[in-house]
Amino acid sequence: MGFTKISPQAGVVRDGTRYSAKGSWYETDKVRFRKGFAEKIGGWARYVGSRFTGISRKIHDWKTDSGNAYLGVGTTDKLYVNQGATYHDITPVRLSATLGTDPVATVDETAVVTISHTSHGAVIGDYVTLASATATGGIGTSSLNTIHRIVALGAPDGTNPDDKYRIVCDAQATSTVSAGGGSSVTASYEINVGLDEYVRASGWGSGGWGSYVGGPGWGSAPALGQASQLRLWSIDNFGDDMLACVRQGNIFYWDESAGTSTAAVALSDRTRRTITLAGSSPVSTSSGNTVITVTDKGGHGAGVGDTVTISGVSGAIGGISAARLNVEMTIASTPTKTTWTADIGGSNASSSASGGGASVVATYKAGVYYTPVAALQVMMSDVARHVICFGCNPIGSSTINPLFVRWSTSENAAQWQPLSTNSAGGQELSSGSEIIGALMTRQEILIFTDVGIQSMRYSGSPFYFSFTEVARGMSMVSPNAAVNANGRIFFMDRGSFYTYTGTAQKLTCPILSTVFDDFDETQSFKVVAGANPDFGEVIWVYPSLSGDGENDRYVIYNYVEQVWYHGTLSRGTWNHAGTKIYPLASSILIQDLDENPITTTTDATSNVSISATAHGLDIGDTFRLIGASATGGLEALLLNNEHTVVSVTSDAIVFTIADTATADTGGGGTVQLYKTNVLYNHESGHDDDGSAMTAYIESGDMDLGEGDQVWAINRIIPDVEFRDGDSADEVTISLNGHNFPGDAQASLTSAAITPSTGQAYVRARARQVSMKVQSTGAGYGWRLGFVRLDGRTDGRR
């Protein structure tokens, strides 16, 4: 018989048996289809060499009017802004406080230090910066007065977790001190880190009737707050500046003009209004107390708890000096729309009086009364530049309403009080229990609730936004599971994929069961969608049941070819990065170590060694251990902390720890190595960040006639185009087969194909044969044409 041309149709057909996929491709990894033919996908290389702490859950790119290019990166631990080669830590501070006298306690011969702070509000893993502490128990000021990661709550015996916590210093105490540090110790706490894993019982439900993953359970009690949730971010830019919201937490604002060394601040701390108060006597005192009254005839628009700074008061009023009046103060009451009061403390006024002069200036912060202080997502509208919060607290409350949508007035991120003179407002959605997420499209915003999709459109005065239900009975599997590509919205729900172009339609997916049969539903909120417009692709990266709880699989829909394909890839985020050359995606660098990988030695008291084959870390890199048990006299909380690499080999890491090991031993139990992460430029080169990348594609079964004849194959005529490589480039074409669909597949033969290979002689015999094309080398790509097999019938069986 003549040559048999192998020409499966483009795309993968996997929801069936290998034999039912005859004439199709059955399995792929890191292979795409373009113009009907299979080719190795583009590789990836580091966007910049530096790393960041935590797993990124959101990235957002933008350029300023002056041409500065930025990336916002929200991780499980931190918030960064990237410019050039550097990630600048702009993580917001949630609390700054002066601690009580002597809040530092040490224990002889350990670096674990206990800090006392009543109602500190911290959780394990939070970052705190101490300052002004004096040397205590032999631990010097440089070791105490720095940033620390909280490793445990409570005293060493576990008591008082709300009022004490423990940190690890880089020096060991030489004595036990129960109270030290002095009377001026301050602590600045970054926002709570939240959880690394999605907890089904969190959010607005924990299962039960009518529940969904992350959704409301009938009669269940809400468990709100970022510390009890998977830490997800939403990020957008407000002109040159950046908005960021940690899900179920506060909304933060980073001011580009303040520089990359300045942390983001709560939106409530933004200046809303600065005005010179009318009249010559806008400030008044009351005899015998410290409460002052300020008159703002323009209407202050403030609420109780808001902060305002007074300046320009000339001279004392009622015995209270100008220095005590020209300060930042907190509003205590708002008797009228034009007056407010504040208690400035100190000595009482000696008389009731008014004054201040004609140059008194009031600078109002956005405040906590009108401004949202907790939300599920933040976004800036493309029309009229409103800041929009989805699933946020109503005015006058600090509790999230998961269906409430609010927006600021146009062009002002700090003005949230709805007035007849501005465009601020809000609307509670009429159906559902929770907003999962929202996505900007052309001339509308799609809001995905747990029961459907609502369209939010700008309508102008007097209501400014209108809301219409456009789909019901579908949602998103995660807040980041939708993407805008080629003027269409593509999104992933539980068990299906959809597209939206004014109406929602389910996409036919021939690998649907392959995806969802190996989908870790318990970690569904980690799913991210992205676009790769140069190749007409949308990608979803998701966690598999066979993985470690993080995203490790991908599925791609090519809307140009209208085909699907899938494979393995660990990515926390994906962004098509319109201001960059390449799409950007973030790594998830977690390594499961062999059992008992930790080695301690008493003759090298400050060094600990970890066995970690192909760890990829360099000297100076940081990492974290998870799950390590006490080893060699070193406590588990000392080991399960952040460390810096001091020396490396290809299969081991050495780091320094201040405590002294008491034994030469190995141990640690089951340990995971969490590395600092990087951003990758995708479609850059052909390799995995400089290393070889395995890519393959395999067909469904092929046979002769009606499958009643045995096929004897003796030659392969390859049709492979190699790209950007040299004469040593190679793919392997393998033939695998069996005689009956129920039999296990066996390897029949394989041939190494290089650019100079014209034909390859092989020997293979089976009733049903599949072809696999695979590459494992570095530095080149390839594209597959029509491979031909030379064979004959070899009888019937």
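Computed from a prediction, not measured in an experiment: that's the story for all the values here.

Thoughts on the side chain of Thr91
Position of Thr91 among the secondary structure elements: in the loop between β10 (86-89) and β11 (93-98). With relative accessibility at 3%, the residue Thr91 sits in the buried group. In terms of polar contacts, Thr91 uses its side chain to reach the backbone amide nitrogen of Leu79, at 3.0 Å.

Topic: the layout of surface pockets
A volume near 950 Å³ is recorded for the largest pocket. Lining of the largest pocket is provided by 39 residues; of these, Lys58, His60, Ile235, Leu439 and Asn575 occupy positions nearest its centre. When residues of the lining of the largest pocket are traced back to their parent elements, those giving at least two are β7 (56-63), β20 (233-238), β32 (377-380), β36 (435-441), β40 (482-485), β44 (528-532) and β48 (571-575). Partitioned by chemical class, the residues of the lining of the largest pocket number 20 nonpolar, 13 polar and six charged.

Notes on the sheet that holds strand β16 (residues 152-153)
Within a beta sheet, neighbouring strands are joined by backbone hydrogen bonds and run either parallel or antiparallel to one another. The strand order across the open sheet built from five strands is β16-β17-β13-β12-β18, with neighbouring strands paired in antiparallel fashion. The two strands at the open ends of the sheet, each matched to only one other strand, are β16 and β18 (177-180).

Regarding the packing of aromatic side chains
Counted under the stated rule, the structure contains 28 aromatic pairs. Where Phe490 meets Tyr557, the ring centres are 6.0 Å apart and the plane angle is 50°; that geometry is what we call tilted. A residue pair is termed long-range when its members are at least 10 positions apart, and Phe490 in strand β41 (residues 488-493) and Tyr557 in strand β46 (residues 551-558) qualify at 67 residues. Since its relative accessible area comes to 0%, Phe490 is described here as buried. Here the aromatic rings of Phe623 and Phe655 are separated by 5.6 Å at their centres, their planes lie at 75°, and the arrangement is edge-to-face. With Phe623 in strand β53 (residues 622-626) and Phe655 in strand β55 (residues 652-656), this residue pair connects regions lying 32 residues apart in the sequence. As far as burial versus exposure is concerned, Phe623 and Phe655 are alike and both buried. One aromatic cluster is present, built from ring pairs that chain together Phe490, Phe497, Phe516, Phe519, Trp540, Tyr542, Tyr557, Tyr559 and Trp564.

Let's talk about the nonpolar core
Grouped together as the largest cluster of nonpolar side chains are 83 residues, with contacts concentrated most on Phe491, Met492, Phe497, Trp540 and Trp782. Beyond its immediate chain neighbours, meaning those up to four positions away, Phe497 contacts Phe491, Met492, Gln505, Lys506, Leu507, Cys509, Leu512, Val515, Phe516, Trp540, Val555 and Trp564. Residues Ala111, Val112, Ile657 and Ala661 belong to the second largest nonpolar core, which totals 25 residues.

A few points about the pairing of β10
Bridge count for strand β9 (residues 79-83) against β10 is four bridges, and the pairing is antiparallel. Across the sheet, the residue bridging to Asn82 is Tyr87, located in β10. What sits between β9 and β10 in their antiparallel hairpin is a turn of two residues, with Gly84 showing a positive phi close to 65°.

Focus: the confidence of the model for the chain
Low-confidence regions, as indicated by low pLDDT, have predicted coordinates that should not be scrutinised in detail. Overall, the predicted model of the chain reaches an average pLDDT of 93, with 96% of residues at or above 70. Of the regions scoring below 50 in pLDDT, residues 201-223 engages in 55 contacts with residues more than four places distant in sequence or in other chains.

A short note on the sheet that holds β36
Sheet architecture is open: four strands sit in the order β36-β37-β38-β39, paired in antiparallel fashion. Here the strands that pair on one side only, and so sit at the sheet edges, are β36 and β39 (464-472). Neighbour-to-neighbour, the strand axes of the sheet open up by a mean angle of 25°, direction not taken into account. Bridge analysis of β36 against strand β37 (residues 444-449) gives six bridges, and the strand direction is antiparallel. Looking across to β37, one finds that Thr441 is bridged to Glu444.

Here's the deal with the pattern of salt bridges
Tallying each qualifying case throughout the model produces 31 salt bridges. Residues Arg32 and Glu683 are paired through a salt bridge, measuring 2.7 Å at the closest nitrogen-oxygen approach. In this pair, Arg32 is assigned in strand β4 (residues 31-34) and Glu683 in the loop between β58 (679-682) and β59 (695-699), connecting sequence segments 651 residues apart. Both residues of the pair, Arg32 and Glu683, count as buried. Note that Arg723 and Glu721 form a salt bridge whose closest N and O atoms lie 3.6 Å from each other. Taken together, the shared-partner salt bridges in this structure form one network comprising Arg34, Glu39, Glu721, Arg723 and Arg783.

So, how was this worked out
Residues numbered from 1 in each chain as written. Predicted model: local features only at pLDDT ≥ 70, side-chain atom pairs only at ≥ 80, totals over all residues. Heavy atoms only, no water. Helix = DSSP H or I, 4+ residues; strand = E, 2+ residues; numbered from the N terminus. Buried < 20%, exposed > 50% of the residue type's maximum accessible area, 1.4 Å probe, protein only. Polar contact = N/O pair within 3.5 Å; in protein donor to acceptor, adjacent residues only side chain to side chain. 1 Å grid on protein atoms, 1.4 Å probe; cavity = no way out; pocket = protein on both sides within 12 Å on 5 of 7 lines; lining within 4 Å. Points joined across faces, edges and corners; volume = space filled by probe spheres on them. Nonpolar A, V, L, I, M, F, W, Y, C, P; charged D, E, K, R; others polar. Pairing = 2+ DSSP bridges. Phe/Tyr/Trp six-rings, centres within 6.5 Å; stacked < 30°, edge-to-face > 60°. Core = buried A, V, L, I, M, F, W, Y, C linked by side-chain atoms within 4.5 Å. Contact = heavy atoms within 4.5 Å. pLDDT = per-residue confidence, 0-100. Axes fitted to C-alpha atoms, helices over the stretch in contact; angles between N-to-C directions. Salt bridge = Lys/Arg side-chain N within 4 Å of Asp/Glu carboxyl O.

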